[in-house]
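Below are the chains, spelled out letter by letter.
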Amino acid sequence: MPQDKFYITTPIYYVNDVPHIGHAYTTIAADVAARYKRLEGFEVFFLTGTDEHGQKVQQAANNLGVSPQEHVDKLHQRFKELWVRLNISNSDFIRTTEERHKKLVGDILQELHSKDEIYKASYEGWYCTPCERFWTEKDLAEGNCPECKRKVDKIKEHNYFFRMSKYQEWLIDRIKNDPHFILPASRKNEVLGFLDKPLEDLCISRPKSRLPWGIPLPFDEEYVTYVWFDALINYISIHGSLDDIKACGFWPADHNMVGKDILTTHAVYWSTMLKAIGLEPPKNIFAHGWWTVNGQKMSKSLQNVVEPNKLIDQFGVDVIRYFLLREVPFGLDGDFSHKALIGRLNSDLANNFGNLLNRTVNMMKKFFDGVIPTPAAEGPEDNLLTEKASEVITEVRKLYNELAYNKILQKIWELVDVTNQYIDKTGPWNLVKTEEGKERLKTVMYNSAESLRILGVLLNPFMPQSTESLMKQLGLETSIEEQGMKSIDQWGGLKSGSQTQKAKQLFPRIEDKQAAKILAELSAPKEEQKEDGNQITIDEFMKVELRTGKILEAEKVKKSKKLIQLKIDIGTGTRQVLAGIAESYEPEDLIGRTVIIVANLKPAKLMGIESQGMVLAASNDGNILLAGFDQEPGQGIQVR
Ligand code: MSP
C-alpha cells in the first residue's frame, strides 16, 4: 500500500539576518509536526531554506566588496548549521539562488505573462527600501512605511503587475468555506478583514537599473522579479516543474507554517498566485505568534537578540525545543526570559520527568539487577495508570494534528504525574521487603518502565535526543522512529527480560547559585537603549579610527570582478587593503590618490587575501565613488 504523504514547510529566512529564537521557533514547530507524522507512518517532506535575493542582500554585499552570490553562499550556512544543532529533520533546504528554483520562477512568470495574468503598466507609489514594498498614499502611517515606520520615497516607474484583484471573491469564498485553511481562527478573521477593502493587482517586478540582484523576468530583461513573488515559489520549486509538482503527491502542502507577520503575503499573494498557476492553495496556512524579549521586539539595534546557539551551549538542545513550545500556546505571542526557561527546566524536566526515569532505572537495577521483570501480581493502582496512558495517547494524537503543542505537552505531563504517583502509592521500597510484595513489585516496576516507554514515544518529536537516550536506558535497541506510534497502541510493548542501562540524568537541575550566574551572563542588562535604535553616541563613533592614506600600489584581484588589492601608506606604515571598487576604477588611476581608511578594523580574509582596513566610498546604484579631500591633507591624519 502506498504510504500517505505529508508536506510541511517553514518560511524561508532572510539570509542576511542573524538566526535567532524567532526563526528557531518556526523551524522547531514544523520539525515536531514532521517527526510526529513520520512516527504515524507518513512519508514526510519537510522543507526549510533561505530567501536570498533583494536590495538588502545586494547592499550588504556591496559594503563588503564581494558579489551578492559570494555573500549568500557564505551567509546561508548559519541557518543550515543552526538547524543541524537544533536536530531539525528537514528533507531538503531550498535557496532562492539555486538553479532549480530560478528555473521554475522563470517558467511561471512566462506562463502567467502569456496567459495575460501579468501586464505592464505605469506605477506611482511610495516605496519603502528596507521592506522592499510599495505602499499607496492611504496605506502610509503618518507619512511613513506602515510596517517598519521608516521613511518612504515616491517612485514613478513602469512595472509588471499580476492580476491579483480578479481572485478576490474566489479567495474570500475559499477562506470562509474551509475552516481549516487559515488557522488559528482569529488570524483567519484578520485576513478576511484585509479582504474587505478592494484588492489591488500586485506589482511583481523591479527595474534592474535600481535592483539588479533578483531573478530576471524572462520576457523583459530590464526587470527582475519582486522578492516575494520569487520567494513564495520555493514551496513548489523544490518539487521540479509544474508537471512534477502535480504528480509528486506533496502538493497541496498540509501546512505552510508562518509567523503572523507574513500571513497576508501567504494567504493573499501566495494563494492567488497558485490559483492563477492552476494549483491548489496549501491545505493549511498556520500563523503562529511572535516572541518578544522583555516586551520588546528583538533587534540588532536593541542588542536583545536571543541566539539559539548560546542557549544550546548552556542548556542543551531538547530543553530549548521543549521550552519554546511549552511556554506559550501555539498561535499566541510570548515573551522570552531565561529565568522562565530555567524554571521549566528545573520543574518540568529535571524534577518531574527526569526524576521519574532516574528513579525507575535505579530501582530496576537495585531490585532486579537491571533486568525488566515479567509482570506478576496485579493491584488496585494498575488500572488508573493504564487508563490514563490510553486516554493521554488518544488525546495527544488528536492534538498533534491540531498543532496544539503546549496542550500536547500539558497532557503528556498528566501521565508523567500519574506515573510518579503510581510509584509513590505502590511504594516499591516497601514491597521488596516481603515475598508477596516482591511479586507485586515485578508488576509495579514493569508498569513504571512501560509508562516511560510510552512517554518516550509521545515526546520524541519534541525531544528526539533525550527520548532516544531514555529508550536506551530502558534497554530498547530499536530507534523510536522505527518503533513508531503503533508501538504504543497497546499496553505491554516493553520486553521483559531486556537489560536496562546505567541511569543517566537527562536534565540536570540548575541550582540557584548557578542559575544566578547564568542569568547574569545571558541576560545582562545591555547598555542604556537610545530612543532611535540607529543612533550612536560620540564615544561609540570615536572608537572608529579613520585616517588618511596614500595609495602606493593597486592591482586587480584575480578571479574577482570587484576587488582591487591596495597598498596604502598611512603615515605609521603601509596597509594591505581590499576594496570592492574594480567596476568603477582602473588600478593605475588609483595610484597616488589620498583616501580615508578605517585603520582599526579587525583584519579579515577575502578570497584568501588579508585585508587590513577598509576604504570609505559611496555607492550609488552600483557606481562606487571614493571619499576624498579638496586639498591634500598628508598621510596618517585622523579624520573625524
Ligand atoms: N523571507 C521572508 C519569508 C519568505 S517565505 C516565502 C521572511 N523572513 S524572516 O526571516 O524575516 O522571517 C521568517 C519567519 O521567522 C517569520 O515569519 C516567523 O515565522 C519567524 N520569526 C522571525 N522573528 C520572529 C519572532 N520574533 N518570533 C517568532 N517568530 C519570528 O519574512
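Since this is a predicted model, take the numbers as computed values, not measurements. (Residues numbered from 1 in each chain as written. Predicted model: local features only at pLDDT ≥ 70, side-chain atom pairs only at ≥ 80, totals over all residues. Heavy atoms only, no water.)

Novice: Tell me what's going on with the site of the ligand, and back it up with residues and numbers.
Specialist: Every one of the 25 residues lining the ligand counts as a neighbour, but Ile12, Thr26, Asp51, Gly259 and Trp291 are closest to it. One of the backbone nitrogen or oxygen atoms of glycine 259 is found 3.0 Å away from an oxygen atom of the ligand. Tryptophan 291 is positioned with one of its backbone polar atoms (N or O) 2.9 Å from a nitrogen atom of the ligand. For the ligand, whose free accessible area comes to 660 Å², the fraction covered by protein is 96%. Going through the elements one at a time, strand S1 (5-14), helix H1 (21-39), helix H7 (227-232), helix H8 (234-237) and strand S12 (255-259) are the ones with two or more residues in the shell around the ligand. Split by residue class, the shell around the ligand holds 13 nonpolar, nine polar and three charged. (Near = heavy atom within 4 Å. Polar contact = N/O pair within 3.5 Å; in protein donor to acceptor, adjacent residues only side chain to side chain. Areas by Shrake-Rupley, 256 points an atom, 1.4 Å probe, with all protein chains shown as cover. Helix = DSSP H or I, 4+ residues; strand = E, 2+ residues; numbered from the N terminus. Nonpolar A, V, L, I, M, F, W, Y, C, P; charged D, E, K, R; others polar.)

Novice: Any details on the environment of glycine 65? Residues and values, ideally.
Specialist: Mapped onto the secondary structure, glycine 65 falls in the loop between helix H2 (55-64) and helix H3 (68-85). On the accessibility criterion, glycine 65 (5% relative accessible area) is buried. Expressed as a C-alpha distance, the spacing of glycine 65 and lysine 561, which sit 496 residues apart in the sequence, is 9.9 Å. With sequence-adjacent residues up to four places away left out, glycine 65 is seen in contact with Lys562, Leu563 and Gly580. (Buried < 20%, exposed > 50% of the residue type's maximum accessible area, 1.4 Å probe, protein only. Contact = heavy atoms within 4.5 Å.)

Novice: Give a detailed account of the packing of aromatic side chains, specifying residues and quantitative values.
Specialist: Evaluated as defined, the whole model comprises 32 aromatic pairs. Aromatic side chains phenylalanine 6 and phenylalanine 42 sit 6.4 Å apart centroid to centroid with 75 degrees between the ring planes, which places their arrangement in the edge-to-face category. Here phenylalanine 42 lies in the loop between H1 and strand S2 (43-51) and phenylalanine 6 lies in strand S1, a separation of 36 residues in the sequence. Since its relative accessible area comes to 4%, phenylalanine 6 is described here as buried. Under the relative-accessibility criterion, phenylalanine 42 is labelled partly exposed at 22%. (Phe/Tyr/Trp six-rings, centres within 6.5 Å; stacked < 30°, edge-to-face > 60°.)

Novice: So, unusual backbone geometry: which residues are in play, and what are the values?
Specialist: Leave glycine aside and you will find that most residues have negative phi; peptide bonds, for their part, are mostly trans. In the segment running from leucine 183 into proline 184, the intervening peptide bond is cis, with an omega of -5 degrees. Examined against the element boundaries, proline 184 turns out to sit in the loop between strand S7 (182-183) and helix H6 (185-194). Geometrically, the link from tryptophan 251 to proline 252 is a cis peptide bond, its omega value of 5 degrees lying close to zero. You can see proline 252 is positioned in the loop between helix H9 (242-248) and S12. A positive phi is found at asparagine 87, a non-glycine position, where the angle reads about 60 degrees. Counting through the fold element by element, asparagine 87 comes out in the loop between H3 and strand S3 (92-95).

Novice: Let's hear about the layout of surface pockets: which residues, and what values?
Specialist: Estimated volume of the second largest pocket: approximately 680 Å³. Around the second largest pocket sit 29 residues that line it, and Asn62, Asn63, Leu64, Gly65 and Leu606 are the ones nearest its centre. Of all the secondary-structure elements, those providing two or more residues to the lining of the second largest pocket are H2, H3, strand S18 (574-579), strand S20 (604-606), strand S22 (614-615) and strand S23 (617-620). It is H3 that provides the largest number of residues to the lining of the second largest pocket, a total of four residues. (1 Å grid on protein atoms, 1.4 Å probe; cavity = no way out; pocket = protein on both sides within 12 Å on 5 of 7 lines; lining within 4 Å. Points joined across faces, edges and corners; volume = space filled by probe spheres on them.)

Novice: Quick rundown of the domain arrangement of the chain? Include the residues and the values.
Specialist: Annotation of the chain at the domain level lists domain 1 (338-488) and domain 2 (544-639). Each of domain 1 and domain 2 has a C-alpha centre, and the two are 65 Å apart. (Domains from an automatic or database assignment.)

Novice: Which residues make up the sheet that holds strand S9 (residues 205-207), and what are the values?
Specialist: With antiparallel pairing, the three strands of this open sheet are ordered in space as S9-S11-S10. The strands lining the two open edges of the sheet, one partner per strand, are S9 and strand S10 (216-217). Summarising the sheet, S9 and strand S11 (residues 220-225) pair through three bridges and their orientation is antiparallel. When the sheet's bridge partners are listed, arginine 206 is paired in S11 with valine 224. (Pairing = 2+ DSSP bridges.)

Novice: Explain the side chain of threonine 10 to me, using residue names and the numbers behind them.
Specialist: In this fold, threonine 10 is placed in strand S1. The exposure class assigned to threonine 10 is buried, which follows from its relative accessible area of 0%. At a separation of 2.7 Å, a polar atom in the side chain of threonine 10 contacts the side chain of threonine 48. Not counting chain neighbours up to four residues away, the residues in contact with threonine 10 comprise Thr26, Thr27, Ala30, Phe46, Leu47, Thr48, Gly49, Tyr235 and Met257.

Novice: Describe the packing of helix H15 (residues 405-426) against helix H17 (residues 435-459), and please don't skip the residues or the numbers.
Specialist: Contact geometry of H15 with H17 gives a least axis separation of 10 Å together with a crossing angle of 165 degrees. Taken as axis vectors, H15 and H17 run roughly antiparallel relative to one another. The way H15 lies across H17 gives a crossing that is left-handed. From H15, Leu409, Ile412, Trp413, Leu415, Val416, Thr419, Tyr422, Ile423 and Thr426 reach across to H17, where they touch Arg440, Thr443, Val444, Asn447, Ser448, Ser451, Ile454, Leu455, Leu458 and Leu459. Within the contact of H15 with H17, the residues separate by chemical class into 12 nonpolar, six polar and one charged. (Axes fitted to C-alpha atoms, helices over the stretch in contact; angles between N-to-C directions. Parallel < 35°, antiparallel > 145°, perpendicular 65-115°, else oblique. Left-handed = near helix turned anticlockwise from the far one by under 90°.)

Novice: So, the nonpolar core: which residues are in play, and what are the values?
Specialist: With 102 residues, the main nonpolar core has Phe315, Leu325, Phe336, Phe353, Tyr405 and Trp413 as its most contacted residues. Broken down by element, the residue count for this core peaks at 13 residues, all from helix H13 (residues 338-368). Those residues in contact with phenylalanine 353, other than ones at most four positions away along the chain, are Asp348, Trp413, Val416, Leu452, Leu455, Leu459, Met463, Leu470, Leu506 and Phe507. If you look at the next biggest cluster of nonpolar residues, it comprises 60 residues, including Val105, Met164, Phe229 and Ile285. (Core = buried A, V, L, I, M, F, W, Y, C linked by side-chain atoms within 4.5 Å.)

Novice: So what about the pattern of salt bridges? Which residues, and what values?
Specialist: Summed over all chains, the structure comprises 41 salt bridges. Between aspartate 220 and lysine 120 there is a salt bridge, and its shortest N-O distance comes to 3.7 Å. Placement of the pair is aspartate 220 in strand S11 and lysine 120 in strand S4 (residues 118-128), with a sequence separation of 100 residues. The buried category is assigned to aspartate 220, whose relative accessible area is 12%. Assessed through its relative accessible area of 43%, lysine 120 is described here as partly exposed. Measuring nitrogen to oxygen at the nearest pair gives 3.0 Å for the salt bridge that ties aspartate 489 to arginine 397. Of the two residues, aspartate 489 is situated in the loop between helix H19 (480-483) and helix H20 (512-522) and arginine 397 in helix H14 (residues 382-401); the sequence distance between them amounts to 92 residues. Among the ionic contacts, a cluster of salt bridges with common partners joins Lys388, Glu391, Lys411 and Glu414. (Salt bridge = Lys/Arg side-chain N within 4 Å of Asp/Glu carboxyl O.)

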